[in-house]
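Here's the letter readout for the chains.
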Amino acid sequence: QYTFHVAGDTLFGKRSIEATTEQNNITTTKTVDLTLGNYFIYTMTGSTTFTFNNAVSSGNAHSFTIVLKQDGNGSRAPSWSANVKFAGGAAPPYTANASAVDVWTFTTYDGGSTYIGTLAIKDAR
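Residues numbered from 1 in each chain as written. Predicted model: local features only at pLDDT ≥ 70, side-chain atom pairs only at ≥ 80, totals over all residues. Heavy atoms only, no water.

S.K.: Please clarify how the overall build of the protein chain should be interpreted in this entry.
M.R.: Along the backbone of the protein chain there are zero helices and nine strands. Counting helices and strands in the order they occur from the N terminus, the protein chain gives β-β-β-β-β-β-β-β-β. For the protein chain, buried positions account for 36% of its 125 residues. Summarising the internal contacts of the protein chain: among those between residues at least 6 apart in sequence, 50% fall at separations of at least 24. Carbon together with sulfur atoms contributes 51% to the accessible area of the protein chain, which is approximately 7,000 Å² in total. (Helix = DSSP H or I, 4+ residues; strand = E, 2+ residues; numbered from the N terminus. Buried < 20%, exposed > 50% of the residue type's maximum accessible area, 1.4 Å probe, protein only. Contact = heavy atoms within 4.5 Å. Areas by Shrake-Rupley, 256 points an atom, 1.4 Å probe, with all protein chains shown as cover.)

Right, here's the structure in full:
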């Protein structure tokens, strides 16, 4: 990923690296700390409610990705805090198969008051 800025009439580019956080055995609740990066990988060993904290300040957009893996048993349901909004008003169905992987993306533009979520890739293999 590259970011660009202008100094006078010259355009400069800078490559940026996205920080990744990975954690196994996620169950019940998980607060995702957005200061740790913007790419998170979690293996669920129980149904889990996700919340987010430390969003960038209002007026700036922040997008991040969560890769959710089912454990060897599967049927671990992700749920999202009330300030996460999905198209049609409800979260899309997750993949419940054992060892399944779903990729979710989220964006906030108002300092974390609202997050727009989507199931970007269902049952990635």
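Having put the structure on the table, let's press on.
S.K.: Would you mind going over the side chain of aspartate 102 with me for this structure?
M.R.: Along the chain, aspartate 102 turns up in strand β8 (residues 101-108). Buried and without a salt bridge, aspartate 102 has lysine 122 as its closest oppositely charged side chain, separated by 5.0 Å. Looking at aspartate 102, its side chain comes within polar contact range of the main-chain nitrogen of aspartate 123, at 2.7 Å. Among all residues touching aspartate 102, those that are not within four sequence positions of it are Ile66, Val67, Leu68, Tyr94, Thr95, Leu119, Ile121, Lys122 and Asp123. (Lys, Arg positive; Asp, Glu negative; His and termini not counted. Salt bridge = Lys/Arg side-chain N within 4 Å of Asp/Glu carboxyl O. Polar contact = N/O pair within 3.5 Å; in protein donor to acceptor, adjacent residues only side chain to side chain.)

S.K.: Just to check I follow, could you spell out the nonpolar core for this structure?
M.R.: Among soluble globular proteins, nonpolar side chains are generally buried collectively. Ranked by size, the top nonpolar core spans 18 residues in total, and within it Phe52, Ile66, Trp80 and Phe106 carry the most contacts. Among the elements of the structure, β3 (20-33), β4 (39-53), β5 (62-70), β8 and β9 (115-121) are those that each provide at least two residues to this core. (Core = buried A, V, L, I, M, F, W, Y, C linked by side-chain atoms within 4.5 Å.)

S.K.: Hey, could you run me through the packing of aromatic side chains in this one?
M.R.: Each aromatic ring pair is summarised here by two numbers: the centre-to-centre distance and the angle between the ring planes. Under the criterion given, the structure shown has 15 aromatic pairs. With a centroid separation of 5.1 Å and 55° between ring planes, the pair formed by phenylalanine 52 and phenylalanine 106 is classed as tilted. With a gap of 54 residues between them, phenylalanine 52 in strand β4 and phenylalanine 106 in strand β8 connect regions that are remote in the sequence. Taken as a pair, phenylalanine 52 and phenylalanine 106 share a single burial class, namely buried. When the ring of phenylalanine 86 is compared with that of phenylalanine 106, the centres are 6.5 Å apart and the planes differ by 75°; the resulting orientation is edge-to-face. Of the two residues, phenylalanine 86 is situated in the loop between β7 (84-85) and β8 and phenylalanine 106 in strand β8; the sequence distance between them amounts to 20 residues. What makes phenylalanine 106 buried here is its relative accessible area of 1%. Ring-pair connections join several aromatic residues into one group, and the members of that group are Phe40, Tyr42, Phe50, Phe52, Phe64, Trp80, Phe86, Trp104, Phe106 and Tyr115. (Phe/Tyr/Trp six-rings, centres within 6.5 Å; stacked < 30°, edge-to-face > 60°.)

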